[in-house]
There are 2 protein chains.
Amino acid sequence: MRNIRIIVAYDGTDLAGYQKQPDDKGLTVQGCLEYGLSKICNEPIQIYGASRTDAGVHAKFQVCTFQTSGSIPVENIPRAMIAHIPKDIVVLEALEIPLDWKPRWNIYGKEYVYTIHNQLIANPLTKRYHWHVKKPLNIDLMQAAGNELLGTHDFTTLKGTNSTPADPVKTIIGIHVEAEGSHVTISVVGDGFLYHMVRNIAGLLVDVGLGRRKVEDIKGYLAAKDRRVIGKTAPAQGLCLEEIFFTEERQQEVLQNKYSI
Amino acid sequence: MRNIRIIVAYDGTDLAGYQKQPDDKGLTVQGCLEYGLSKICNEPIQIYGASRTDAGVHAKFQVCTFQTSGSIPVENIPRAMIAHIPKDIVVLEALEIPLDWKPRWNIYGKEYVYTIHNQLIANPLTKRYHWHVKKPLNIDLMQAAGNELLGTHDFTTLKGTNSTPADPVKTIIGIHVEAEGSHVTISVVGDGFLYHMVRNIAGLLVDVGLGRRKVEDIKGYLAAKDRRVIGKTAPAQGLCLEEIFFTEERQQEVLQNKYSI
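Residues numbered from 1 in each chain as written. Chains lettered and ligands numbered in written order. Predicted model: local features only at pLDDT ≥ 70, side-chain atom pairs only at ≥ 80, totals over all residues. Heavy atoms only, no water.

- Labelled according to an unreviewed UniProt entry, chain A appears under the name tRNA pseudouridine synthase A, originating from Veillonella dispar ATCC 17748.
- Per its UniProt entry, chain A bears the Subunit (unreviewed entry) comment "Homodimer." (UniProt positions renumbered as here; feature names shortened; annotations may be inferred.)

This is the structure in structure tokens:
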């Protein structure tokens, strides 16, 4: 038996999210990968993923593991999968790893990037990958709001309603808000995230950037532990799972380069 | 009567090209714009465009003009159109111009950019906007091949088969091939382009970059005036109409900054 780790990228637009669902709910990342891997390994394959991204959310770097008694060389897996899964999903890399390596236990943190097109008129060429916010955003206020979320908190306020129970205490290690012309990104590194948490952070920071909410109220929102005290969840298409950190060194490198931490 | 010039951007993936077609051929840029403009101007509108982009080709900057006796303020046109056309097409700007201004006569040149993803494994997040070329490209050879096309030539060899008759003599003012990691772009500025010409240039340069054809044979290909002496036309989704130059100054600025001419 071998344990294999794959790195996967996908355009989530036409997918029903990461997690496998009944067939009539649409294609899922997990469903497509398990189908393709079962074909190329010649046995039923079950995968374990690091992040359950929602319908419409993208990933440049999702991580999954699976065990197989099949003999396919790992270096052939990315190309072999092309014929069996939709072009929206790509296996970038496959590597044999120790049998006890599990994605949920062996990662140091994750980075998500939320993208906004901040201009009166929409951009048809990037509309699948951003939230179109028409009114001008104050980037400095958004960064100040992000700073209020840094550290270890009970993030119940930023958790999606109707989500499965999970420990609401998470640590946000870095938040970086950046504007390049009309292209605004909110990058977040944390040790883990609750259902809808990054999209709720994006919605909250945009509310601050538009002057609808104040930086000084954020501590109070967190203390309320109540989803209803904040505004709308930002739409799925702006969100991308950017990277999952396997080593502390790699996480530190990203934090230093992009977040100046 | 007023003459109005609009700048339009579109994602061509799900469109049947610029030029109006019978309804059962799919949505076209011209068809959608004329429908929307007729609605907001309250009279039948016919538009005149600068470039007939093919099905699947994108545009950041297409130019069209139309005349109207309606009274809508030009500054309201971009937003008013949003409700009447698919989200794939966006009117970025509208401006009233002299009655004798026509897009085909009053422009100095155009820039097209062809994008390639040059890596063994595909990128699902940009697949709508590039040609995926798996084997490594030699960028220096591609630039050298591009240099052979500069100047005024009879470009019959690079013209699509079955295209309508057009003067095959065109002037290519600049070609710039650039690689940023796996992202390769071929940028071309010319006074005009034949049907499929930029896609045939991209196909030819990629053949050179892969070592399938030689830089020193290009002059002979042009002299042959025969489409059959070159290889395949590069796929539509990699092509984008980048800009149309209304003034010589703007064209010179782009040529100096990006093409070092």
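Past the structure itself, the notes keep going.
Considering helix H3 (residues 139–149) of chain B
All names here are of chain B.
Okay, step 1: Here H3 has its buried residues at Ile 139, Met 142, Gln 143, Ala 145, Gly 146 and Leu 149. Taken around the axis of H3, the buried residues stretch over an arc of 160°, which confines them to a single face.
Okay, step 2: Structurally, H3 contributes buried residues whose contacts are with strand S5 (109–118), strand S7 (151–154), strand S8 (169–180), strand S9 (183–190), helix H4 (197–209) and helix H5 (218–224).
Okay, step 3: The backbone nitrogen of Asp 140 has a side-chain oxygen 3.1 Å away, supplied by the residue at the start of H3, namely Asn 138.
Okay, step 4: Positive backbone phi, approximately 100°, marks Gly 151, located one or two places after H3. (Buried < 20%, exposed > 50% of the residue type's maximum accessible area, 1.4 Å probe, protein only. Helix = DSSP H or I, 4+ residues; strand = E, 2+ residues; numbered from the N terminus. Arc of directions from axis to C-beta. Contact = heavy atoms within 4.5 Å. Polar contact = N/O pair within 3.5 Å; in protein donor to acceptor, adjacent residues only side chain to side chain.)

Thoughts on the interface of chain A and chain B
Okay, step 1: Each side of the interface is counted separately: chain A has 23 residues, and chain B has 23 residues.
Okay, step 2: Counting each side, the surface lost to burial between chain A and chain B is near 1,800 Å², with a carbon and sulfur contribution of 74%.
Okay, step 3: Viewed at the interface, chain B and chain A are joined by two salt bridges.
Okay, step 4: Across the pair Lys127(B) and Asp88(A) runs a salt bridge, and its minimum N-O distance is 2.9 Å.
Okay, step 5: On inspection of chain A and its partner chain B, the count reaches four residue pairs in polar contact (both at pLDDT 80 or more).
Okay, step 6: Looking at the side of chain A that touches chain B, the elements with two or more residues in it are strand S1 (2–10), strand S3 (58–68), helix H2 (77–82) and strand S4 (89–97) of chain A.
Okay, step 7: Ranked by residues supplied to the side of chain A that touches chain B, first place goes to S4(A) with four residues.
Okay, step 8: Class assignment for the residues of the side of chain A that touches chain B results in 15 nonpolar, one polar and seven charged. (Buried area = accessible area lost by both parts, 1.4 Å probe. Salt bridge = Lys/Arg side-chain N within 4 Å of Asp/Glu carboxyl O. Nonpolar A, V, L, I, M, F, W, Y, C, P; charged D, E, K, R; others polar.)

Notes on the relation of the copies chain A and chain B
Okay, step 1: The operation relating chain A to chain B is a screw motion whose rotation component is 180°, with 0.0 Å of axial translation and a residual RMSD of 0.0 Å. Given the turn and translation reported, the copies of this chain are related as if by a two-fold rotation axis. Minimal C-alpha separation from the rotation axis in chain A is found for Thr126(A), amounting to 4.8 Å. (Least-squares fit on C-alpha atoms with pLDDT ≥ 70 in both.)

A few points about the UniProt feature "active site" (unreviewed entry) in chain A
Residues and elements named next belong to chain A.
Okay, step 1: The UniProt record marks Asp 54 with the feature "active site" (unreviewed entry), using the residue numbering of this structure.
Okay, step 2: For Asp 54, the position within the fold is in the loop between strand S2 (47–49) and S3.
Okay, step 3: Not counting residues up to four positions away in its chain, the partners in contact with Asp 54 are Gly 17, Tyr 195, His 196 and Arg 199.
Okay, step 4: A polar atom in the side chain of Asp 54 sits 3.3 Å from the side chain of His 196.

Observations concerning the pairing of S9(B)
Residue and element names in this part refer to chain B.
Okay, step 1: A large share of S9 lies buried, amounting to seven of its eight residues.
Okay, step 2: In this sheet, S9 lies alongside S5 in antiparallel orientation, the contact comprising eight bridges. When the bridges of S9 are listed, Thr 115 appears paired with Thr 185.
Okay, step 3: Pairing geometry for S8 and S9, over eight bridges, is antiparallel. Note on S9: the bridge partner recorded for Val 177 is Ile 186. (Pairing = 2+ DSSP bridges.)

Focus: the packing of aromatic side chains
Aromatic ring pairs are reported here in terms of the distance separating the ring centres and the angle at which the planes meet.
Okay, step 1: All told, the structure shown has eight aromatic pairs over all chains when counted by the stated rule.
Okay, step 2: Ring geometry for Tyr114(A) versus Trp131(A): centroids 6.3 Å apart, planes at 90°, classification edge-to-face. With a gap of 17 residues between them, Tyr114(A) in strand S5 (residues 109–118) and Trp131(A) in strand S6 (residues 131–133) connect regions that are remote in the sequence.
Okay, step 3: The exposure class assigned to Tyr114(A) is buried, which follows from its relative accessible area of 0%.
Okay, step 4: With centroids separated by 5.4 Å and ring planes inclined at 85°, the aromatic side chains of Trp101(B) and Phe246(B) adopt a geometry described as edge-to-face. One end of the pair, Trp101(B), is in the loop between strand S4 (89–97) and S5; the other, Phe246(B), is in the loop between strand S10 (239–245) and helix H6 (248–259), and 145 residues separate them in sequence.
Okay, step 5: A relative accessible area of 12% places Trp101(B) in the buried class.
Okay, step 6: Its relative accessible area of 22% is what places Phe246(B) among the partly exposed residues. (Phe/Tyr/Trp six-rings, centres within 6.5 Å; stacked < 30°, edge-to-face > 60°.)

Considering the environment of Thr156(B)
Residues and elements named next belong to chain B.
Okay, step 1: By secondary structure assignment, the location of Thr 156 is in the loop between S7 and S8.
Okay, step 2: For Thr 156, a relative accessible area of 25% corresponds to the partly exposed category.
Okay, step 3: Taking the C-alpha atoms as reference, Thr 156 lies 11 Å from Phe 193; in sequence the two are 37 residues apart.
Okay, step 4: Beyond its immediate chain neighbours, meaning those up to four positions away, Thr 156 contacts Pro 168, Lys 225 and Arg 227.

Remarks on the packing of H3(B) against H4(B)
Residues and elements named next belong to chain B.
Okay, step 1: For the pair H3 and H4, the least separation of the axes is 8 Å and the interaxial angle reads 135°. Regarding the angle of H3 to H4, the classification is oblique. For the pair H3 and H4, the sense of crossing is right-handed. Listed contacts from H4 to Leu 141, Met 142, Ala 145, Gly 146 and Leu 149 of H3 are Ile 201, Leu 205, Val 206, Val 208 and Gly 209.
Okay, step 2: Looking at side-chain class alone, the contact of H3 with H4 contains eight nonpolar, two polar and no charged residues. (Axes fitted to C-alpha atoms, helices over the stretch in contact; angles between N-to-C directions. Parallel < 35°, antiparallel > 145°, perpendicular 65-115°, else oblique. Left-handed = near helix turned anticlockwise from the far one by under 90°.)

Digging into the side chain of His117(B)
Okay, step 1: Looking at where His117(B) falls in the secondary structure, it is placed in strand S5.
Okay, step 2: Beyond its immediate sequence surroundings of up to four residues, His117(B) is in contact with Ala122(B), Asn123(B), His130(B), Trp131(B), His132(B), Val133(B) and Ser182(B).

Focus on the state of the cysteines
Okay, step 1: Overall, the coordinates contain zero disulfides over all chains when judged by the stated rule.
Okay, step 2: A disulfide-free cysteine, Cys64(A) has its sulfur positioned 12 Å from the sulfur of Cys32(A), the nearest such atom.
Okay, step 3: Overall, Cys64(A) belongs to the buried group, its relative accessible area being 0%.
Okay, step 4: Of all cysteine sulfurs, the one in Cys64(B) lies closest to Cys41(B), which takes part in no disulfide; the gap is 13 Å. (Disulfide = S-S within 2.5 Å.)

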